[in-house]
Structure formats: structure tokens, C-alpha cells
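Architecture at a glance
Listed below, chain by chain, are the residues.
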Amino acid sequence: MSNVKITRALISVFYKDNLEPIVHILGKAGVEFVSTGGTQEFIEKLGYKVTPVEKLTGYPSIFGGRVKTLHPAIFGGILYRREDSGDVKQATEYKIPAIDLVIVDLYPFEETVAKFLSPGEGLGEADIIEKIDIGGISLIRGAAKNFNDVIIVASRNQYSELQQLLETKKCSTDLSDRRYFAAMAFDVTSHYDSAIFNYFNSGSEISSFKRSIQTGRTLRYGENPHQQGKFFGNLEEIFEQLNGKELSYNNLVDVDAAVNLVQEFNSTAFVIIKHTNACGVATGSTVKDAYLKAFQADTVSAFGGVLATNKKVDLAAAEEINKLFFEILIAPGYEADALELLKSKKNRMILLQKSQLKEKIQFKSLLNGVIEQDHDLKTDSKEDLKVATKRAPSASEVEALLFAGKIAKHTKSNTIVLAVEGQLLASGVGQTSRVDALKQAIEKAKSFGFSLQGAVMASDAFFPFADCVEIAHQQGIQAVIQPGGSVRDQ
């Protein structure tokens, strides 16, 4: 059917915003209303008679409202084909009235998840599950499937378009109108189903995060003394604190950065973190060796830093580490004499790491909401590398490039990392210009006595121009690793 005059409308919505003008247009045109619960009351208060859904179905709303519209009297009225004689005969036989317009929105699933993640809301997972719409999404799909005969409006964002259509065409629709609204309806349902999938797919992380909110740990303060701070999580699952004062907000941020970086390495590694960025990173034959090489990269910034290694700390390593004033040391184990020495300073925070970080999802609050993304769990290997130059890097250069790439991955952008195999020489971090990041790294490396002859360079993003590569070449750097993607790559 091309042109359909709307004679009966099923309206059942969570949000009533901007619905009133549509009800008035339909009501004045003599359209019969079928509705449920709060929407029925809303329409009746505007002065129009409403046929309750339960009058058509013969059943009340049951199971706490889970089943209201799921009935042949409703879905038959939406889905039967007006030009199919068999469908028309059955609709007449079973007294199923035609429904020409369906206005339905969906329970606010994403909004409920966001509230669930917010402290103080007091919501549980059961609240989320109850916001998985069944009847609504079925009505939307049914009406969209039968767009030949029915127009579906699946979101309050489409009310203004519907109002304009009803006014212009005097409560009639043509096939192009109905097809357009059907497409928009499937866009709504696909987004909704994706949100539900994402919740269940990351449900363990979300539930763990939410459970921790109920017992959040109050910190001394936040990033600054005038800010309050809390930690929501089970720190004891990952660490046992063996010495020192309580961890602060900034401590936790740096610990997270240190652990995420050090667990990139399989061989013995040591990292020194200052304000979430690495000022020293090295691998070595022993923890002592790795520490000394890491410390060498920046003997100034290491003061008051957060230290982490991926191997047990022995006495030889502890004797060297003990010479440095540091805030936190993280390791998967400590020999007894090493621990005794390190605990000689009572305020030092010494953490025993019991397990690796395994979170798959990251959360961040912004704009009165929460965004999430997958953790960056990708670490480049030799197989990922593509040689873009005439000279291929040597085996040792490849190892140095992969090493530098791991550090760049965990350093604030814009960043440039300069390294040799197994040792960070310097990095330029958090610069608005990649050239400035490189110049910062070069100056820093030279200030600590490093030669850049034969070193490698890692960038956390592509080079839009040749300037950084030319500057690096002038300093004796022989190989570069970068993601690529610039139109000027060649």
C-alpha cells in the first residue's frame, strides 16, 4: 500500500518529552489511541480516550510489567499484511484491529549502566537487567518489518520529524515515509543491542568496578590537597603492602603506569616512573644490572620516583636501590635480607605484586557520563614490522626498536623515545609538537652523557613531515619505528 491513513496508533513510551503536540494532532484527526500504563494516563490527561492494551489482549500487565504487549492481538494488528487476503481473513476472524502507527521507545539501558557506575546511585545489576526492553524492541522490529502498512517511530529524537509529517500529510503516510522511519528504527535497535552486548561482554569488569564502589577507599586527598580522593577497586587482589605509609591518589596513578609498562617485558626489566612517564627503563641480566641502566637514563628525575621490576629483588639489587630516595618499589618478590634493608626507611612504600594487571576495559568519566574503551593490549612483535626504507634494520636494531616502541606506548603524547637495545636513553613527553618532543629527548640524552650514534627512535604517531627523521639522522640515529599512516610516509 502506498498511501495509508492512520486510524489507530499504539503509543507506549518511557519518555513523554515533546509527545503532546503529536497526541493533539492525532486526537483531533480522530485517530484511536491504544496504550499502556503511564503513557495511557498521559494521553487521557490531554483529553483523549484511550483503549488499554489489556482490553485488546484480555490479559493484564503481568510479571512486574515484563509482559504487556506480547500478544497476537497487538502484534497481529501490526504485522498482518493489508493486501494479503489470507492475513485479512484471519485478522477479521480473530477480531484483530489494524495498528497503523507505532510510537515506542526503549527502556534507558545505557543511562542505567552509567548510573550503575556512579557512586551514590545505589543501583544493582538487577536494575540494569530490568532495563533490557523486550516488548518495546519487538514492537519496533515488527512495525519496521511491516513498513508497507505501518509507520514506526522508535525514538523521541524522531518526534519533530513525525510531527511535521503528520501536519503536512494530514495523518497519512506514503511508502517512502514508512521505509525511512523503518530504517531509523533498525538503527535504534542495532545500537541498543550493541550496548547490551557490550555490557555483558565487559560485565565482569563493570560488576567488579561497581562492587568496589560500595566500599570505596578514601584517600588522603586527590591530585591536589584541596581535592577529595577515593579508590574504587580491590587493591589487595594485586598487591600486598609490606612497608610504608598509605598510598595516595598520585601514588596509585604512578603505580598503574609503572606496572603496565614493566609487564610488557619477559626478560628482567626495571622501570622508574615520574608523573606517569618513564624516566628510566632497562633490561638486564639481573635486577641490579637493569636498575643501574634504568637509573643512568635520568639520575635527577629518579629522585622521589616510583620503581618497578618484574623479577624478585635480591640483596645486591636492594643495596643499589637503597641509595636512592624513592617513594614506591613494586616487585613480584623480595629476598628476606633485601626486604629488611629496604624497610629501613619507614615511609617507603614497598609493594609485593601478586598478579599481573588483566583489565580488558578502561573507564573515564567526562561530560556528566562515562566512556569506556578496550585496554591497549597490543604489543608489537617482529612480525608486525614493515620495512619502509631501502636499508633494513639489523637484528640488534630491531630489538632496540621494539624496546623503544614499548616505552612510547606508555608515554604521554606527543612523545619521542630514544634508546639502544635494552636501555632508554631519553624521551620527550607530552609536547604539542613532535619536533619539540625530539629536541627535548636529544637535549636530555646529551645532558646525561649519552651518545646517540647508533641509537634508535620511536614515535607514538606518524611523522607528517620529514623534519624529525632528518634531525634524528643528524644526531647519528640509525633506525626509526613509527605507526605510519601519513600521506608523506614515502
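Our subject is the structure that appears above.
Analysis parameters
- Residues numbered from 1 in each chain as written.
- Predicted model: local features only at pLDDT ≥ 70, side-chain atom pairs only at ≥ 80, totals over all residues.
- Heavy atoms only, no water.
- Helix = DSSP H or I, 4+ residues; strand = E, 2+ residues; numbered from the N terminus.
- Rg over C-alpha atoms; globule rule 2.2 N^0.38 Å.
- Contact = heavy atoms within 4.5 Å.
- Areas by Shrake-Rupley, 256 points an atom, 1.4 Å probe, with all protein chains shown as cover.
- Buried < 20%, exposed > 50% of the residue type's maximum accessible area, 1.4 Å probe, protein only.
- Polar contact = N/O pair within 3.5 Å; in protein donor to acceptor, adjacent residues only side chain to side chain.
- Core = buried A, V, L, I, M, F, W, Y, C linked by side-chain atoms within 4.5 Å.
- 1 Å grid on protein atoms, 1.4 Å probe; cavity = no way out; pocket = protein on both sides within 12 Å on 5 of 7 lines; lining within 4 Å.
- Points joined across faces, edges and corners; volume = space filled by probe spheres on them.
- Nonpolar A, V, L, I, M, F, W, Y, C, P; charged D, E, K, R; others polar.
- Salt bridge = Lys/Arg side-chain N within 4 Å of Asp/Glu carboxyl O.
- Expected span 1.5 Å × (residues − 1).
- Pairing = 2+ DSSP bridges.
- Axes fitted to C-alpha atoms, helices over the stretch in contact; angles between N-to-C directions.
- Phe/Tyr/Trp six-rings, centres within 6.5 Å; stacked < 30°, edge-to-face > 60°.
- Lys NZ or Arg CZ within 6 Å of the ring centre and 35° of its normal.

1. Concerning the overall build of the protein chain
When helices and strands are counted, the protein chain shows 18 helices and 21 strands. Its C-alpha atoms give the protein chain a radius of gyration of 32 Å, clearly above 23 Å, the size a compact globule of 490 residues would have. Taking the principal axes of the C-alpha coordinates as reference, the protein chain spans close to 90 × 55 × 40 Å. Within the protein chain, residue pairs in contact and separated by at least 24 positions form 55% of the contacts whose partners lie at least 6 positions apart. Approximately 25,000 Å² of the protein chain is accessible, and the part contributed by carbon and sulfur atoms is 51%.

2. Quick word on the environment of Ser451
Along the chain, the position of Ser451 falls in the loop between helix H17 (434–447) and strand S20 (456–459). A relative accessible area of 49% places Ser451 in the partly exposed class. As a C-alpha pair, Ser451 and Ser365 span 86 residues in sequence and 43 Å in three-dimensional space. Within the structure, Ser451 has its side chain in polar contact with the backbone nitrogen of Gln453 (distance 3.2 Å).

3. Concerning the nonpolar core
Core analysis: the biggest nonpolar cluster contains 38 residues, and Phe239, Val255, Val271, Ile273, Val281, Ile328 and Ile330 have the highest contact counts within it. It is helix H12 (residues 249–262) that contributes the most residues to this core, seven residues altogether. Apart from the residues lying within four places of it in its own chain, the contact partners of Phe239 are Val255, Val259, Ile330, Leu351, Leu352, Gln353 and Lys354. Grouped together as the second largest cluster of nonpolar side chains are 29 residues, Val53, Phe75, Val104 and Phe116 included.

4. Description of empty space enclosed by the protein
All told, the structure shown has one cavity of 30 Å³ or more when counted by the stated rule. Estimated volume of the largest cavity: approximately 30 Å³. Every residue along the wall of the largest cavity is listed here: Ala278, Cys279, Ala297, Leu424, Leu425, Ala426, Ser427 and Lys444. Listing elements by their share of the lining of the largest cavity, those giving two or more residues are strand S12 (277–283) and strand S19 (423–428). Top element by residues in the lining of the largest cavity is S19. It accounts for four residues. Partitioned by chemical class, the residues of the lining of the largest cavity number six nonpolar, one polar and one charged.

5. A look at the pattern of salt bridges
If you walk through the whole model with that rule in mind, you get 13 salt bridges. Glu320 is the salt-bridge partner of Lys323, the closest N and O atoms lying 3.3 Å from each other. Its relative accessible area of 65% is what places Lys323 among the exposed residues.

6. A look at helix H10 (residues 175–201)
A rise of 1.5 Å per residue sets the reference length of H10, with its 27 residues, at 39 Å; its end C-alpha atoms lie 38 Å apart and thus fit the reference within 8%. Residues Asp177, Arg178, Phe181, Ala182, Ala185, Thr189, Tyr192, Ala195, Ile196 and Tyr199 constitute the buried set of H10.

7. Some remarks on the sheet that holds strand S4 (residues 50–52)
Reading across the sheet, the five strands line up as S4-S3-S2-S5-S6 and stay open at both edges, with parallel pairing between neighbours. The two strands at the open ends of the sheet, each matched to only one other strand, are S4 and strand S6 (151–153). This sheet shows a mean twist of 20 degrees between the axes of neighbouring strands, independent of strand direction.

8. Notes on H12
A rise of 1.5 Å per residue sets the reference length of H12, with its 14 residues, at 20 Å; its end C-alpha atoms lie 20 Å apart and thus fit the reference within 8%. Of all the positions in H12, only Asn251, Leu252, Asp254, Val255, Ala257, Ala258, Val259, Asn260, Leu261 and Val262 are classed as buried.

9. Overview of unusual backbone geometry
Along the chain, Ser413 connects to Asn414 via a cis peptide bond; the corresponding omega equals -10 degrees. Among the secondary structure elements, Asn414 is positioned in the loop between helix H16 (395–409) and strand S18 (416–420). Residues other than glycine seldom take positive phi values, yet Asn18 does so here, at roughly 60 degrees. Mapping Asn18 onto the fold places it in the loop between strand S2 (8–12) and helix H1 (20–28). One non-glycine residue, Lys170, lies in positive phi territory at about 50 degrees. Tracing the backbone shows Lys170 in the loop between helix H9 (159–169) and strand S7 (172–173).

10. Here we look at the packing of aromatic side chains
The full count for this structure, using the stated rule, is nine aromatic pairs. Plain terms: the ring middles of Phe265 and Phe403 are 5.6 Å apart, the flat faces sit at 45 degrees to each other, and that makes the pair tilted. Remark: Phe403 occurs in helix H16 and Phe265 occurs in the loop between H12 and strand S11 (269–274); sequence separation between them is 138 residues. Note on accessibility: Phe265 and Phe403 belong to one class, buried. Ring geometry for Phe270 versus Tyr291: centroids 5.1 Å apart, planes at 70 degrees, classification edge-to-face. Of this pair, Phe270 sits in strand S11 while Tyr291 sits in helix H13 (residues 287–297); the two residues are 21 residues apart in sequence, bridging distant segments of the chain. With respect to burial, Phe270 and Tyr291 carry one shared label: buried. Grouped by ring-pair contacts, the aromatic residues Phe14, Tyr15 and Tyr107 constitute a single cluster. Over the ring of Tyr15 we find Arg156; its NZ or CZ atom is 3.6 Å from the centre of that ring.

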